[in-house]
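Observations on the model geometry
Chain residues, written in single-letter form:
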Amino acid sequence: REKRLAEQAQSARARLWRLTIQRYVEVAWSGHAATRFASVIAIPILVAIVTPGWWWAACAAGAAVGIMIDVPSRGVFLRLAESLDDLDEPTLRAVIRRHVFVLAAITAAYVTPYALLAFAPAPGPTIGLLFCAGSLVVCASLHVMTRTMIFYTAPAVILSLVANAAALATGWMGVATALLAGCVGFNALVTARAGAASFSALIDARFRAEEAAEDLERRVNERTAQLQVASRRAQAANKAKSMFLANMSHELRTPLNAVIGYSEIIQEDLESGDTSASAADLAKIRGSATHLLTLISEILDLSRIESGKLDLRPTSFDLPSLLRGALDTVKPTATKHRSTCQINLAPTVGLMVSDETRVRQCVLNMLSNAAKFTHNGAIALDMRECRIGQTRAVAIAVKDTGPGISPENQARLFRPFSQIDSTKTRAHDGAGLGLVITRRLARAMGGDVQVSSKLGEGSTFTLYLPLDMTNAAPAQAA
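Counting starts from 1 at the beginning of each chain's written sequence and moves along it residue by residue. Local features in this predicted model are restricted to residues whose pLDDT is 70 or higher, and side-chain atom pairs enter the listing and the counts only when it is 80 or higher, whereas totals over whole chains, interfaces and linings include all residues. The basis for the side-chain values is all heavy atoms of the structure; hydrogens and waters are excluded.

**Details of the overall build of the protein**
Worth spelling out the cut-off: Helical segments are the DSSP runs of H or I of at least four residues, strand segments are the runs of E of at least two, and each set is numbered from the N terminus. Burial classification: accessible surface area is computed with a 1.4 Å probe over protein chains only, and a residue below 20% of its type maximum counts as buried, one above 50% as exposed, and the rest as partly exposed. The contact rule is simple, with two residues in contact once any of their heavy atoms fall within 4.5 Å. Computed with a 1.4 Å probe, the accessible areas rest on the Shrake-Rupley method; for each residue, only the protein chains presented here act as cover.
Scanning the protein from N- to C-terminus turns up 13 helices and 7 strands. Looking at the protein as a whole, 39% of its 478 residues are labelled buried. Residue pairs in contact within the protein that sit at least 24 positions apart in sequence constitute 74% of those at least 6 positions apart. Entry remark: accessible area of the protein is about 25,800 Å², with carbon and sulfur atoms responsible for 59%.

Listed below in structure tokens is the structure:
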């Protein structure tokens, strides 16, 4: 733990040094460079105009030396700012200390010649005093990021300030003026601390503010990304629902039109007295009405499940008998498609305590899909005992030799309002909600449904249910 804390502290210090360099580059050469260069060039010209003698030459020489050091330093710091992430804390600290001497040299070159104005005729000392006071303000604002910068750059400025202040008067008045200039320098540094107890406290406060800003930016980016994902999902869900409703309008109209059409035919037969075909037409009406009722029931079932109003009624029933009856129900469809049906039931499973109607619905949904999509193949219904956690359970598998399902389509099988073939010209009718409802019902009864499939090799849907749902907690719905 101590090692981890030490690593965290070192990482925090490294971030502080990176912040120091970045801020110095931004302020010293992006926001202040033009003003600095203009002032150090213009002031020697002013000295030459208003102060007799060659004092301006010293100021101009200092400006030239300072600029020659200042400009290359800018390139060094810019390159350093680009490689900050590759440097550890000790390296960053060493780099800062090395460049502090360069900063001190730049400041000394700019300011020291103006200390000589203390010996120049009037108004030389006044110009030197004002220039040094301005330099002190700049120095305090630029170099305040570290104590080392302040301690190495401020002394030369304060000494020049005090020297020029002392030259403005003689005797005790000169001493008092020099002390006052020293107080100005001290107050400039205190002001630079911005009310902090120390420069370390100021740096820590700026560091915390930077961290807070970065954290806020990161959270905003995360929220924005989450909102974009949610928006895309909502758009996809809305598109899927719109497509589903369009398909359902077609699915509902088809059997309804059949009911209306055959009813009109029977009416015409009754009026003409020829009712020989009426029995067949009535069978077609019944089949279409049954299909329509199935579609509506699936939609209502999903609505009840999603609204949390599904009412389960557990009772004791014979599971093998239920499975045999379900397989007998779909055999006509399988026979129509020239497919065979097989059943294999484990002898250890007999009675089951669950909602018999919902269990039958789940099994029929899986068997109906297998019979619908399997042509010239085989459908097998297997039942074996298993466990869900610590609960005794049963696994009911429906295997077929149909076309199979691709991995990307398997992910869509259990999504509401999402069908593998959602076009109006698809080969198989239905609401496409059977598997969705099956999984929701299975999880409500404490189980689940899983699929295993390969294109061209058929599919296996396995329904897992506890043998006694009263002792099992409902699984979380996906």
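Picking up where we left off.
**Details of a nonpolar patch on the surface**
Which entries qualify depends on this criterion: A patch consists of residues exposed above 30% relative accessible area that lack any salt bridge, with like charges linked at up to 9 Å and nonpolar side chains (Val, Leu, Ile, Met, Phe, Trp, Tyr) linked at up to 5 Å. Each salt bridge in this description consists of a side-chain nitrogen of Lys or Arg and a carboxyl oxygen of Asp or Glu lying within 4 Å of one another.
On the surface, I41, I45, L46, I49 and V50 cluster together to form a nonpolar patch covering roughly 450 Å² of accessible area. Relative to the helices and strands, I49 is located in helix α2 (residues 33-50).

**Observations concerning unusual backbone geometry**
Glycine aside, a negative phi is what most residues show, and trans is what most peptide bonds show. In this chain, A122 is followed by P123 through a cis amide linkage whose omega measures 5 degrees. A positive phi angle, near 60 degrees, is found at R338, a position not held by glycine. On the secondary structure map, R338 appears in the loop between α10 (319-336) and β2 (340-345). Among the residues examined, R338 registers a relative accessible area of 57% and is labelled exposed. In this model, N376 sits at a positive phi of 55 degrees, which is unusual for a non-glycine residue. Residue placement: N376 occurs in the loop between α11 (356-373) and β4 (378-388).

**Some details on the pattern of salt bridges**
Taken as a whole, this structure holds 8 salt bridges when the rule is applied. Measuring nitrogen to oxygen at the nearest pair gives 3.7 Å for the salt bridge that ties R219 to D215. Residue R219 and its partner D215 are located together in helix α8 (residues 199-272), separated by 4 residues, close to a single helical turn. A salt bridge links K399 to D382; the nearest nitrogen and oxygen atoms lie 3.5 Å apart. Here K399, found in strand β5 (residues 391-400), pairs with D382, found in strand β4; they are 17 residues apart in sequence, far enough to count as distant.

**Description of the sheet that holds strand β6 (residues 448-454)**
Note the cut-off: DSSP calls a pair of strands paired once it identifies at least 2 bridges connecting them. Every axis corresponds to a line fitted to the C-alpha atoms, with the helix fit spanning only the stretch in contact, and the corresponding angles, defined between N-to-C directions, vary from 0 to 180 degrees.
With respect to topology, 5 strands assemble into an open sheet ordered β2-β4-β5-β7-β6, the strand pairing being mixed. Strands at the two margins of the open sheet, each flanked by one partner only, are β2 and β6. Mean inter-strand twist for the sheet, computed between neighbouring axes without regard to direction, equals 20 degrees. Judged from the 6 bridges that link them, β2 and β4 form a sheet pairing that is parallel. If you follow N344 over to β4, its bridge partner there is D382. This element, α10, spans β2, β4 and β5 of the sheet and lies at about 170 degrees to β2. Sheet strands in contact with α11 are β4, β5 and β7 (458-466), and its direction is about 20 degrees off that of β5.

**A short note on the packing of α10 against α11**
When two helices pack together, their arrangement is given by the angle between the helix axes and the distance between those axes. Put simply, the test is: Crossing handedness is read from the near helix: turned anticlockwise from the far helix by less than a right angle, it gives a left-handed crossing, and turned clockwise, a right-handed one. All residues other than Ala, Val, Leu, Ile, Met, Phe, Trp, Tyr, Cys, Pro, Asp, Glu, Lys and Arg, Gly among them, are scored as polar; the first ten of these are nonpolar and the last four charged.
Relative to each other, α10 and α11 sit at 30 degrees, their axes nearing to 9 Å. Taken as a pair, α10 and α11 cross one another with a handedness that is right-handed. Along the contact surface, α10 presents L319, L322, L323, A326, L327, T329, V330, T333 and A334, while α11 presents E356, V359, R360, V363, L364, L367, S368, A371 and K372. Residues that form the contact of α10 with α11 fall into these classes: 12 nonpolar, 3 polar and 3 charged.

**Topic: the side chain of R358**
Operational definition: Polar contact is the term for a pair of N or O atoms within 3.5 Å; when the atoms are in protein, one must be able to donate a hydrogen and the other to accept it, and sequence-neighboring residues count only if both atoms are side-chain atoms.
Among the secondary structure elements, R358 is positioned in helix α11. A polar atom in the side chain of R358 sits 2.7 Å from the side chain of Q361.

**Thoughts on the packing of α11 against helix α13 (residues 434-444)**
Across the interface, α11 lies against α13 with an axial gap of 9 Å and an inter-helix angle of 145 degrees. When the axes of α11 and α13 are compared, the crossing they make is left-handed. The segment α11 lies against α13, with R358, Q361, C362, N365, M366 and N369 engaging G434, L435, I437, T438, L441 and A442. When grouped by side-chain class, the residues that make up the contact of α11 with α13 number 6 nonpolar, 5 polar and 1 charged.

**Some thoughts on α10**
We count it as follows: Expected helix span is given by 1.5 Å per residue-to-residue step, counting one fewer step than there are residues. Each residue is assigned a bend, namely the angle between axes fitted to the seven residues that terminate at it and the seven residues that start at it.
If you check α10, its first and last C-alpha atoms are 27 Å apart, about what 18 residues at 1.5 Å a residue would give, namely 26 Å. The sharpest bend along α10 comes to roughly 40 degrees, located at V330, with the proline P332 sitting one to four residues further on. What α10 keeps buried is the set L319, P320, L322, L323, A326, L327, V330 and A334. The secondary structure elements touched by the buried residues of α10 are β1 (315-318), β2, β3 (351-354), α11, β4 and β5. Positive backbone phi, at 60 degrees, marks R338, one or two positions downstream of α10.

**Here's the deal with the nonpolar core**
Filter applied, for reference: Grouping buried Ala, Val, Leu, Ile, Met, Phe, Trp, Tyr and Cys residues that are joined through side-chain atoms within 4.5 Å yields what is termed a nonpolar core.
By size, the foremost hydrophobic cluster in this structure holds 41 residues, and its most contacted members are L319, V359, V363, L367, V394, I396 and L463. Excluding residues that lie within four positions of it along the chain, V359 makes contacts with F317, L319, L322, M352, S354, M445 and L465. Counting residues in hydrophobic clusters, the runner-up holds 20 residues, among them Y114, L129, F131 and V157.

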